[in-house]
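The lines below spell out each chain.
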There are 2 protein chains.
Amino acid sequence: MATASKTYLDLVNDCDRFPYDDPLASPSEHWSSIYRFYLPNDPRHHGLMLSSTVQKMLWTDDFLVNHQARTVHLDPKDTSDLSKSCTTALSKQVQVCIDAKDSFHVISGRHSEPYPIVGANYPVSLERYASTLFGIISRGAHLTAYTQTSEGLKIWVPRRSPKLFTYPNCLDTTVAGGISLEDPFECIVREADEEASLSEDLVRKNAVVCGCISYVGLNDARGGGEMGLIVPDIIYVYDLELPADIICQQNDEEVKEFTLMSIDEVKEGLARSEFKTNSAIVMIDFFLRHGIITVEDEPNYAEIVARIHRRLPLPTGPSKIVG
Amino acid sequence: MATASKTYLDLVNDCDRFPYDDPLASPSEHWSSIYRFYLPNDPRHHGLMLSSTVQKMLWTDDFLVNHQARTVHLDPKDTSDLSKSCTTALSKQVQVCIDAKDSFHVISGRHSEPYPIVGANYPVSLERYASTLFGIISRGAHLTAYTQTSEGLKIWVPRRSPKLFTYPNCLDTTVAGGISLEDPFECIVREADEEASLSEDLVRKNAVVCGCISYVGLNDARGGGEMGLIVPDIIYVYDLELPADIICQQNDEEVKEFTLMSIDEVKEGLARSEFKTNSAIVMIDFFLRHGIITVEDEPNYAEIVARIHRRLPLPTGPSKIVG
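Residues numbered from 1 in each chain as written. Chains lettered and ligands numbered in written order. Predicted model: local features only at pLDDT ≥ 70, side-chain atom pairs only at ≥ 80, totals over all residues. Heavy atoms only, no water.

Remarks on the sheet that holds strand β4 (residues 71–74) of chain A
All names here are of chain A. Taken in spatial order, the four strands line up as β2-β1-β4-β3 in an open sheet, and their pairing is mixed. Sheet topology places β2 (45–49) and β3 (63–66) at the edges, where each strand pairs with a single neighbour. When strand polarity is set aside, the average angle formed by the axes of neighbouring strands in this sheet is 20°. For β3 and β4, the ladder comprises four bridges, and the chain directions are antiparallel. (Pairing = 2+ DSSP bridges. Helix = DSSP H or I, 4+ residues; strand = E, 2+ residues; numbered from the N terminus. Axes fitted to C-alpha atoms, helices over the stretch in contact; angles between N-to-C directions.)

Structural notes on helix α4 (residues 82–99) of chain B
Every α-helix carries 3.6 residues per turn, so stepping three or four residues along brings you back to the same face. Helix length check: α4 of chain B (18 residues) gives 25 Å between terminal C-alpha atoms against 26 Å at 1.5 Å per residue, within 8%. Taken residue by residue, α4 of chain B has Leu82, Ser83, Ser85, Cys86, Ala89, Leu90, Gln93, Val94, Cys97 and Ile98 of chain B as its buried positions. (Expected span 1.5 Å × (residues − 1). Buried < 20%, exposed > 50% of the residue type's maximum accessible area, 1.4 Å probe, protein only.)

Section: the interface of chain B and chain A
Listed by partner, the interface residues are 37 residues for chain B and 37 residues for chain A. Interface area, chain B with chain A, both sides summed: about 3300 Å², of which 67% is carbon and sulfur. Linking chain B with chain A are two salt bridges, by the criterion used here. With its nearest N and O atoms 3.2 Å apart, the salt bridge here joins Arg311 of chain B to Glu303 of chain A. Applying the counting rule to chain B against chain A returns eight residue pairs in polar contact (both at pLDDT 80 or more). (Contact = heavy atoms within 4.5 Å. Buried area = accessible area lost by both parts, 1.4 Å probe. Salt bridge = Lys/Arg side-chain N within 4 Å of Asp/Glu carboxyl O. Polar contact = N/O pair within 3.5 Å; in protein donor to acceptor, adjacent residues only side chain to side chain.)

With respect to the domain arrangement of chain A
Residues and elements named next belong to chain A. Domain parsing of chain A yields domain 1 (8–16 + 138–307) and domain 2 (34–134). Taken over C-alpha atoms, the centre of domain 1 sits 29 Å from the centre of domain 2. Between domain 1 and domain 2 lies a buried interface of about 1300 Å² when both sides are counted; carbon and sulfur atoms form 70% of it. There are zero salt bridges connecting domain 1 and domain 2. Of all elements in the fold, only β7 (138–149) and β11 (230–241) reach the threshold of two or more residues within the side of domain 1 that touches domain 2. Its residues assigned to classes, the side of domain 1 that touches domain 2 comprises six nonpolar, five polar and two charged. (Domains from an automatic or database assignment. Nonpolar A, V, L, I, M, F, W, Y, C, P; charged D, E, K, R; others polar.)

Take a look at the structure:
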């Protein structure tokens, strides 16, 4: 890994890659080329699709594609229960992708767990792998376990298995998982046991939610699948202070090994770009919240904080009820 | 104070008031009517001025105003030392404002301490009151002092003096101050003694910087001065856990009294809109970082987090050195 040493801002730039537009200038190519994805009865778009995805997709008759307006509207025939008919229509579209000979790499012929469409006015879900094609918001939960030692604060850092499809061999957050149809906290409780052998009881009692980070990524080679897919992401961050006698141990095949790292060792791993792209910014957020990165030492402090809490260009909550 | 109960998002909306533009739509009136303020030899604008301010200002010949392009360029005659000549030119312009009969309310005929122009490529400063007219970034430091008690975590909350020009009688962060030509930490050490009688030694040892919040405000009636002035703001946030035997006491005329409030009491103060506008979001940030606001209970969690960490529409650091 003979890469140049990365600054914190470099790591943020690697993760939050979708460009920011100047409100006084014309829309950049990114904005003017994308298609917006809409649900029925909702004027807000819930996804940002690449033109190449829209062209390649073998659309079912549940969708209306308008190349002039650059929009894709989900328009199911049965409108009596939009929650059900939209979820079914999306499911059929995923099946078409799986059945197609020349399918999308990101789906790679497999089904995956349902992800809710965040911010929809009624519950709608779409399979995880396909959600990236539609450019809808994905959500994860990350937990950083740490211990106070005589040598200072140390962090439990896993190394990902070399066999993983995404980010093989990379360093990672102690515990991390994608959020399916569940509460973020339930996700982290489950994953903490599965990935790090941390008991449900311990995590329920001591894990604290400390905010969330958000960014708009563009899928890259390390992430697998089509390049350039737009990935608006929210990660809920949890801290868990562990007593010295509790250790993290791998419990499934996703993790190769755990190391209790000093802050300097974590900093070196970050500088060498060894962390999974979004786990690097979870670590940066931990450093910011614990005073490890300070205003006086980091010239890009305000820029880093704002960038890892990006306001996503998609709704994150239901429309206001007019009453 | 018989106002309706405010949600956390209402309080964020009261503070982060400058509108967000849709990159695919035409610039909103706010964006198309403002003037951008530039320093010499720097293509990035450092301030956002209201049209009414630009019209009313009696500009000295150090400034070039272009009503077509809606720009104001600082253009000092002496370019041998831009740091010095820009600061001097701005100082002369402030003096013109102070001397004018019909001056700006926000300056109210007085000089104030120098604020650096954040993100400039060379040190330039402008007096605090005038910085709001130029719409440059202002910076503050806020410290929340809290204590673990048998009844749970409690927070030291001051009530502002009824005699203050801005936000009289409002509840506030334990310690808060505007950052002049000093490091944020030095600001908070000084203010902690001046406002809350917290010793320098204690604060230096135990105060921890926990990130920053940022927003773009529009000056309102409670803030004094011209309405609608654009206030891009960065607040560095510090936590200070106090042992039970250390108490906060007023030490100057800005604070009326301190109360050690339970979380429920703070929540009630927030709901009644009793906090100073930006101190309310400092408290919300504290609640987020300490797991007091949770994802499961707050439907606008992600929106609130992103809004209080807004990426400012002005540079926060120097340009990249091309080398």
